[in-house]
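# Examination of the molecular architecture
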There are 4 protein chains.
Amino acid sequence: MDAEDKGEKYFSCTDTERAAFEAGIKLGTIFHQFIGAPISRSNVDDMEKTIEKCARIQPFVEDVEVKINRDLLHDKKDIYDYYTLYANMLEVHIELKYRDVLIIAEMREIEDLSYPLMYIKEIRKR
Amino acid sequence: MDAEDKGEKYFSCTDTERAAFEAGIKLGTIFHQFIGAPISRSNVDDMEKTIEKCARIQPFVEDVEVKINRDLLHDKKDIYDYYTLYANMLEVHIELKYRDVLIIAEMREIEDLSYPLMYIKEIRKR
Amino acid sequence: MDAEDKGEKYFSCTDTERAAFEAGIKLGTIFHQFIGAPISRSNVDDMEKTIEKCARIQPFVEDVEVKINRDLLHDKKDIYDYYTLYANMLEVHIELKYRDVLIIAEMREIEDLSYPLMYIKEIRKR
Amino acid sequence: MDAEDKGEKYFSCTDTERAAFEAGIKLGTIFHQFIGAPISRSNVDDMEKTIEKCARIQPFVEDVEVKINRDLLHDKKDIYDYYTLYANMLEVHIELKYRDVLIIAEMREIEDLSYPLMYIKEIRKR
């Protein structure tokens, strides 16, 4: 992504801090855009890919992997045979690159916290 | 969709009124779940299909077609080269069947109203 | 709400069917707009009122009552002391009037279905 | 907010980078949770306060101010007299504190970019 970054002048921080900020935006976006969507065994593959594609078009995203836990999508036997996408079903791994900084961030339900934690897993400066 | 409808006993209305109610739910769902999603020329095909698949897993949906207006996704030349999915980009055609009632409902921006209208286009009783 | 309904000409249905359709839209809207919002004991009153106010500005809504189940918001003891608004916390009672039709619709988690059912409780024609 | 941060061990970054990450999450949350909500002159004050209260219950948020541009909510004269909350109406100023780091971040539509930019305005280390 070599296009000009016209937004740069609005930032007062280091490249690494910006990378961290951008990673946070992307995880907040995924959570709050897609939680609540109808989900079942029949559209779960598709939904994973769509969330990934939405993330990839945002600035600085290099890679993203989304996994929706199928164990929580057990078969139901009637017309209400689908679920709502909730945070505890969702695992996200995202890699962003801002200039010379690569940042890896993740989101997943942490059992000890009963909370879908978003965290910075690794930062690499080249 | 011949599975048992365990929710039926909660309804006090005719089959046609229920079909109309269910159609309204589905259009409200599509609008408020997906408005705000990141969208560009590169993921627009995918997003249309995903919205359709989400609608199809909901009760009584027979068919659905989603079109996102590509004219509003003109090319931008920098890293902010994507848009937010807004209601005026979105056209939805949905067909639901509840028992002997087929209902066709749509959503699209009506210029005269400056409003993304959801309306019942046709009801057929077999 | 006596203002002109410029959208009327797009509808092919009875007044009662339209009332049912509009009720469905409003419940779909509430669910998919607000599920996922951060919620705790400290903002739960406010969130109920806000959802009600959002519903009231939509066409034909006469009255709406939103209850978020506080039992599911038990106290947590750390910084992650809030929750995400999920469908099973949410009860909605809504009354719409379209011409001479009053429709009462509700949404609540039905334990037998493990499903947040939206249903038409009553229709009154005056 | 002196409660224990049980999530800390999952992070591999400095306090400032974490503060930046948390600020990004909060802005992404506000955008993607509330864009699409029904908005009019009659509920705009309430919606601003509600978004602020949702942000305040999230970890590390010290202060937040939300402004929705009323110029874009001109009076309409019929039953469709409300709007959908879009990003170009929304201005957010948020202050987070993580340990000794205070970070100020904002979101607003930047005309030059035709884009609702989220940016780090200032970082203070005490």
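Everything here concerns the structure above.
These notes cover the structure that comes with them. (Residues numbered from 1 in each chain as written. Chains lettered and ligands numbered in written order. Predicted model: local features only at pLDDT ≥ 70, side-chain atom pairs only at ≥ 80, totals over all residues. Heavy atoms only, no water.)

## A short note on the overall build of chain A
Counting its secondary structure elements, chain A contains two helices and six strands. Ordered by position from N to C terminus, the α and β elements of chain A give α-β-α-β-β-β-β-β. Counting only C-alpha atoms, chain A reaches 55 × 35 × 25 Å along its principal axes. Across the 126 residues in chain A, those meeting the buried criterion constitute 64%. Long-range pairs, those at least 24 residues apart, make up 54% of the contacts in chain A with a sequence separation of at least 6. When the accessible surface of chain A is split by element, carbon and sulfur atoms take 40% of a total near 5,100 Å². Averaged over its 19 positive side-chain charges, chain A has a centre that lies 3 Å from the centre of its 26 negative ones. (Helix = DSSP H or I, 4+ residues; strand = E, 2+ residues; numbered from the N terminus. Buried < 20%, exposed > 50% of the residue type's maximum accessible area, 1.4 Å probe, protein only. Contact = heavy atoms within 4.5 Å. Areas by Shrake-Rupley, 256 points an atom, 1.4 Å probe, with all protein chains shown as cover. Lys, Arg positive; Asp, Glu negative; His and termini not counted. Charge placed at Lys NZ, Arg CZ, Asp CG, Glu CD.)

## Let's talk about the pattern of salt bridges
Taken as a whole and judged by the stated rule, the model has 52 salt bridges over all chains. In this structure, the salt-bridge partner of Arg70 of chain C is Glu48 of chain C, at a minimum N-O distance of 2.7 Å. Separated by 22 residues along the polypeptide, Arg70 of chain C in the loop between strand S2 (61-68) and strand S3 (83-84) and Glu48 of chain C in helix H2 (residues 44-56) bring together distant segments of the chain. Classification of Glu48 of chain C by relative accessible area gives buried; the value is 10%. It is possible to trace a salt-bridge network through shared partners that takes in Asp5, Arg18, Glu22 and Lys26 of chain A. (Salt bridge = Lys/Arg side-chain N within 4 Å of Asp/Glu carboxyl O.)

## Looking at the sheet that holds strand S6 (residues 115-125) of chain B
What the four strands build is an open sheet, ordered S2-S4-S5-S6 (chain B); its pairing is antiparallel. Since the sheet does not close on itself, it has two edges, and those belong to strand S2 (61-68) and S6 of chain B, each with one partner. Within this sheet the neighbouring strands show an average axis-to-axis angle of 10 degrees, counted without direction. Along the sheet face, helix H2 (residues 44-56) of chain B touches S2 and strand S4 (90-98) of chain B and points at about 155 degrees away from the line of S2 of chain B. Relative to the sheet, helix H1 (residues 15-34) of chain C contacts strand S5 (101-110) and S6 of chain B, its axis offset from that of S6 of chain B by approximately 130 degrees. (Pairing = 2+ DSSP bridges. Axes fitted to C-alpha atoms, helices over the stretch in contact; angles between N-to-C directions.)

## Focus: the side chain of Thr50 of chain D
The residue Thr50 of chain D is located in helix H2 (residues 44-56) in this model. By relative accessible area, which is 0% here, Thr50 of chain D ends up buried. Separated by 2.7 Å, the side chains of Thr50 of chain D and Asp46 of chain C make a polar contact. Apart from residues lying up to four places away in sequence, Thr50 of chain D is in contact with Asp46, Met47 and Thr50 of chain C. (Polar contact = N/O pair within 3.5 Å; in protein donor to acceptor, adjacent residues only side chain to side chain.)

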